[in-house]
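So the chains spell out like this:
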Amino acid sequence: MKYISILASSILLFSCKKEDKTLFSTEDIEDIKQHSPIIIKNTFEALSSALVGEISENGVESAVDYCNIHASSFTEMAFVDNNKSYKIYRVSDKNRNPNNTMSEVDLQIFNYYKESMGQIVNDTIVIENDKINYYRPIQINNPLCLQCHGKVGETVTNEVYDKILSKYPKDKAINYQLNDLRGMWKVVSHLENEKK
Ligand code: HEC
């Protein structure tokens, strides 16, 4: 992967293979740079207010059930605007839901973020032939996260962890500390008429 240019102060642009020709016009890329952060913000706000509401009304264990049932309905929505469709995902190297694993390209961006931790971390765009991935890092930015992603027996109670394992037997998403990099938002855009 080659880093090719800095588009704006807060956005880095990567191209997967230098010889790749993209189907996206400059206007498409500008659109994607405008829309993706809004999609991330709306999804983040919907998910976190549902999470906080569920924890305060029914407790952490019940919120695990809630995330299990509803997280994908927040993140699997597709948005269509003009000639492009957008889909939002959360991916992690230590994923809880098996659907949230990282592709090789995701991992390269994730490693780039890991190396830049402690500095200002930017949104990143990867342009492939027929799709664009827009990434933003997700940090453990709130002690609340540690109730389900921290250390078992400390911030994660044994009861909560039993509940997590009953839903996600292959869970890897524990042992985080405050400010750790947890994963990434990923907004994937396609040109509607190019979709197979
Ligand atoms: C009540 C427990 C709970 C809390 C609190 C919680 N999470 Fe999670 N988290 C989950 C569950 C359950 C999933 C799996 C959701 C699914 O099935 O897609 C998950 C999935 C994720 C994922 C997707 C990647 C993966 O591992 O599958 C990210 C990223 C994430 N959480 C970050 C956070 C952050 C950041 C916070 C704090 C703001 C947080 N979580 C708070 C339970 C929780």
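Residues numbered from 1 in each chain as written. Predicted model: local features only at pLDDT ≥ 70, side-chain atom pairs only at ≥ 80, totals over all residues. Heavy atoms only, no water.

Now for the nonpolar core. Within the largest apolar cluster, 18 residues are counted, with the highest numbers of intra-cluster contacts made by F24, I40, I88, I132, W185 and V187. Sorting the residues of this core by element identifies α1 (26–58), β4 (84–91), β5 (123–127), β6 (131–139) and β7 (181–191) as the ones contributing at least two each. Considering each element in turn, this core owes the most residues, 6 residues, to α1. (Core = buried A, V, L, I, M, F, W, Y, C linked by side-chain atoms within 4.5 Å. Buried < 20%, exposed > 50% of the residue type's maximum accessible area, 1.4 Å probe, protein only. Helix = DSSP H or I, 4+ residues; strand = E, 2+ residues; numbered from the N terminus.)

With that out of the way, let us pick up the site of the ligand. Not every one of the 23 residues close to the ligand is listed here, only the nearest: C145, C148, H149, Y168 and R182. N100 has a polar side-chain atom sitting 2.7 Å from an oxygen atom of the ligand. At a separation of 2.6 Å, an oxygen atom of the ligand approaches a polar side-chain atom of R182. Contributions of two or more residues to the shell around the ligand are made by α1, α2 (60–75), β6 and α4 (146–149). Of all the elements, α2 adds the most residues to the shell around the ligand, at 5 residues. Considering only residue class, the shell around the ligand consists of 13 nonpolar, 6 polar and 4 charged. (Near = heavy atom within 4 Å. Polar contact = N/O pair within 3.5 Å; in protein donor to acceptor, adjacent residues only side chain to side chain. Nonpolar A, V, L, I, M, F, W, Y, C, P; charged D, E, K, R; others polar.)

Applying the stated criterion across every chain yields a total of 1 aromatic pair. Arranged with centres 5.4 Å apart and planes meeting at 45°, the rings of Y112 and Y113 form a pair that is tilted. In this structure, K94 packs its charged tip against the face of Y176, placed 4.3 Å from the ring centre. The positively charged end of K186 is found above the aromatic ring belonging to Y89, 5.9 Å away from the centroid. (Phe/Tyr/Trp six-rings, centres within 6.5 Å; stacked < 30°, edge-to-face > 60°. Lys NZ or Arg CZ within 6 Å of the ring centre and 35° of its normal.)

Turning to the coordination of the iron atom of the ligand, a few remarks are in order. Within the protein, just one atom coordinates the iron atom of the ligand: H149 (NE2), at a distance of 2.1 Å. Following the sequence through the fold, H149 ends up in helix α4. (Donors = N, O, S within 2.8 Å, 3.2 Å for Na, K, Ca; no water.)

This part is about α1. End to end, α1 covers 48 Å across 33 residues, agreeing with the expected 48 Å (1.5 Å per residue, within 8%). Immediately downstream of α1, the backbone of G59 shows phi near 90°, a positive value. (Expected span 1.5 Å × (residues − 1).)

Another aspect to go through is the environment of K151. On the secondary structure map, K151 appears in the loop between α4 and α5 (158–167). A relative accessible area of 33% places K151 in the partly exposed class. Residues in contact with K151, not counting those within four places in the same chain, are V156, N175 and Q177. (Contact = heavy atoms within 4.5 Å.)

Looking now at the side chain of D171. Inspection of the secondary structure puts D171 in the loop between α5 and β7. Within the structure, D171 has its side chain in polar contact with the backbone nitrogen of A173 (distance 3.0 Å). Residues within four places of D171 in sequence aside, it is in contact with N95, R96, Y161, I164 and L165.

Quick look at the pattern of salt bridges now. Should their charged atoms come close, side chains of opposite charge can pair. For the coordinates displayed, the defined rule picks out 10 salt bridges. Residue K167 is joined to D65 by a salt bridge in which the shortest nitrogen-to-oxygen separation is 3.2 Å. In this pair, K167 sits in helix α5 while D65 sits in helix α2, placing the two residues 102 residues apart along the sequence. By relative accessible area, which is 34% here, K167 ends up partly exposed. In this structure, the salt-bridge partner of K114 is D93, at a minimum N-O distance of 3.6 Å. (Salt bridge = Lys/Arg side-chain N within 4 Å of Asp/Glu carboxyl O.)

Among the secondary structure elements, N42 is positioned in helix α1. As a C-alpha pair, N42 and F74 span 32 residues in sequence and 9.6 Å in three-dimensional space.

Geometric values such as these leave the question of function open.
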